[in-house]
Amino acid sequence: MGSLSTRLGREIVLIDKEPEKVFIEKTGDREIHYFYWRLDLYKPFDYEPVTLLDGFLCSRYHWKGLVLWTEPVARDKPLMTFALGVHTPLVYSRKWQVFVVYCLPELTLSENFWLGFYLTIFNALLSGVIKLPNDKVFHGYMDKAVEGEVPEEYRFRLKEWTFLIIVGSLTEKLPSPVSDRLRECG
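What this report covers is the structure whose coordinates are included nearby. (Residues numbered from 1 in each chain as written. Predicted model: local features only at pLDDT ≥ 70, side-chain atom pairs only at ≥ 80, totals over all residues. Heavy atoms only, no water.)

**Digging into the pairing of strand β9 (residues 88-91)**
- Burial along β9 is two-sided: T88 and L90 and P89 and V91, pointing in opposite directions, are all buried.
- With four bridges connecting them, strand β8 (residues 77-83) and β9 associate as antiparallel partners. Each residue of the ladder has a partner; that of F82, found in β9, is P89. (Buried < 20%, exposed > 50% of the residue type's maximum accessible area, 1.4 Å probe, protein only. Helix = DSSP H or I, 4+ residues; strand = E, 2+ residues; numbered from the N terminus. Pairing = 2+ DSSP bridges.)

**Description of unusual backbone geometry**
- One non-glycine residue, H62, lies in positive phi territory at about 40 degrees.
- Along the polypeptide, H62 turns up in the loop between β5 (56-61) and β6 (65-69).
- Phi at D76 is positive, roughly 80 degrees, even though this residue is not glycine.
- Inspection of the secondary structure puts D76 in the loop between β7 (74-75) and β8.
- Under the relative-accessibility criterion, D76 is labelled exposed at 73%.

**Description of the sheet that holds strand β10 (residues 98-102)**
- Ordered by their spatial adjacency, eight strands build an open sheet running β10-β12-β6-β5-β4-β3-β2-β11, and the pairing between neighbours is mixed. On the outer flanks of this sheet lie β10 and β11 (145-146), each paired with one strand and no other.
- Bridge count for strand β2 (residues 21-27) against β11 is two bridges, and the pairing is parallel. Of the residues in β11, the one forming a bridge with V22 is A145.
- Its contacts with the sheet place helix α2 (residues 109-127) against β5, β6, β10 and β12 (163-167), and it is angled at close to 10 degrees to β12. (Contact = heavy atoms within 4.5 Å. Axes fitted to C-alpha atoms, helices over the stretch in contact; angles between N-to-C directions.)

**Considering the pattern of salt bridges**
- A full pass over the atoms with the stated rule returns 13 salt bridges.
- One salt bridge in this structure joins D16 and K136, with 3.9 Å as the shortest N-O distance. One end of the pair, D16, is in the loop between β1 (14-15) and β2; the other, K136, is in the loop between α2 and β11, with 120 residues separating them in the sequence.
- With relative accessibility at 13%, the residue D16 sits in the buried group.
- Given the relative accessible area of 30%, K136 is considered partly exposed.
- For the salt bridge of E160 with R157, the shortest nitrogen-to-oxygen distance reads 3.9 Å. (Salt bridge = Lys/Arg side-chain N within 4 Å of Asp/Glu carboxyl O.)

In structure tokens form, the structure reads like this:
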């Protein structure tokens, strides 16, 4: 039957902080890795998903934002940390250019707030107020992988984002789930 890590999949990033568990969901030919903590700074049951889309690393920001990392720093795999006490995935990037795509009238007040909060984090990174340490030890996480289902309300839905943040260079060809969603919004 093979080891648990072989059955579940392979690591797609290297991390510097320990989640309590990692759930790996297979959907067709895609895997979504959910980094789980029982409690983050302000809410219980924190599932932070990360996946690969057409070779790009992708994460979710506060339920409604999709973050596409186009130029991650890698040591065999992209390097990722969980920032600011709320386990928001931040990928070390070669380029800290930030592009934002959204339709402002369609954002709710809450989505508008969280988008602004996330952009404040990036502004702090770009201006040097927040520094990602260079001396961190990065490691794999398959020893935290468990079998089990992510509850429906915590699932990462690639077609339901209301704002897109691209970190790195703009790419000529966006992953198909991203470009499909942009056409829907257009």
